[in-house]
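# Report on the structure
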Amino acid sequence: MTTKEFEQVLKLATDKVFHLQAPTGEREYVVWHAYGHNSLVGDDGVRIELLKIQLDVIWQKEPSDFLDKIKSVLSQFELPYFEAEYGYDDAWGSMRCILQLEVD
């Protein structure tokens, strides 16, 4: 899956998907960035390079189903994720959940 395809998957949940930074004034959105690779080598010598991606899911207040929509789309496309952080973030001035995953 290319990064363009990955972004299209996210856009099934919301059209507010941005690479690296969201425009000023956005209040409910996803920002994603790649931060490296993870390689796996199998018994037969096949090597797979997985792109490591972080999603910053931002919304204003609880309760909200915004995060659930993002997680649901990831699950539909069999993109397992790790929830690295969840809660109010002073620096962002909003609720923030960090999801980390890998795509091939």
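The structure we're discussing is the one just above.
All of these numbers come straight from a predicted model, not from anything done at the bench.

A separate point is a nonpolar patch on the surface. Together, Met1, Leu12 and Phe77 line one region of the surface with nonpolar side chains, adding up to about 280 Å² of accessible area. If you trace the backbone, Leu12 turns up in the loop between α1 (3-10) and β1 (17-19).

Relative to the helices and strands, Tyr81 is located in strand β4 (residues 81-89). By relative accessible area, Tyr81 is classed as partly exposed at 31%. Separated by 17 residues in the primary sequence, Tyr81 and Ile98 place their C-alpha atoms 9.8 Å from one another. Apart from residues lying up to four places away in sequence, Tyr81 is in contact with Lys71, Leu74, Ser75, Leu99, Gln100 and Leu101.

Next up on the list: the nonpolar core. The biggest cluster of nonpolar side chains holds 23 residues, and the ones touching the most others in it are Phe6, Leu10, Leu55, Val57, Ile70, Leu74 and Leu99. Those elements giving two or more residues to this core turn out to be α1, β2 (29-41), β3 (47-59), α2 (66-76) and β5 (94-103). Not counting chain neighbours up to four residues away, the residues in contact with Leu74 comprise Phe6, Leu10, Leu55, Leu79, Tyr81, Leu99 and Leu101. Ranked by size, the runner-up nonpolar core spans 5 residues in total, among them Phe18, Ala22, Tyr29 and Val31.

Right, let's talk about the side chain of Glu7 for a bit. Summarising the element assignment, Glu7 is placed in helix α1. Owing to a relative accessible area of 17%, Glu7 belongs among the buried residues under this scheme. Setting aside chain neighbours within four positions, we find Glu7 in contact with Val17, His19 and Trp32.

Below, the discussion takes up the pairing of β5. Counting buried positions over the 10 residues of β5 gives 8, a clear majority of the element. As paired elements, β3 and β5 share 9 bridges and run antiparallel to each other. Directly across from Leu55, in β5, lies its bridge partner Leu99. As paired elements, β4 and β5 share 8 bridges and run antiparallel to each other. What sits directly across from Asp89, in β5, is Ser94. The turn joining β4 and β5, which pair antiparallel and follow one another in sequence, is formed by 4 residues; a positive phi near 65° is taken by Gly93.

Calculation criteria
Residues numbered from 1 in each chain as written. Predicted model: local features only at pLDDT ≥ 70, side-chain atom pairs only at ≥ 80, totals over all residues. Heavy atoms only, no water. Patch = residues over 30% accessible without salt bridge, like charges linked within 9 Å, V, L, I, M, F, W, Y side chains within 5 Å. Areas by Shrake-Rupley, 256 points an atom, 1.4 Å probe, with all protein chains shown as cover. Salt bridge = Lys/Arg side-chain N within 4 Å of Asp/Glu carboxyl O. Helix = DSSP H or I, 4+ residues; strand = E, 2+ residues; numbered from the N terminus. Buried < 20%, exposed > 50% of the residue type's maximum accessible area, 1.4 Å probe, protein only. Contact = heavy atoms within 4.5 Å. Core = buried A, V, L, I, M, F, W, Y, C linked by side-chain atoms within 4.5 Å. Pairing = 2+ DSSP bridges.

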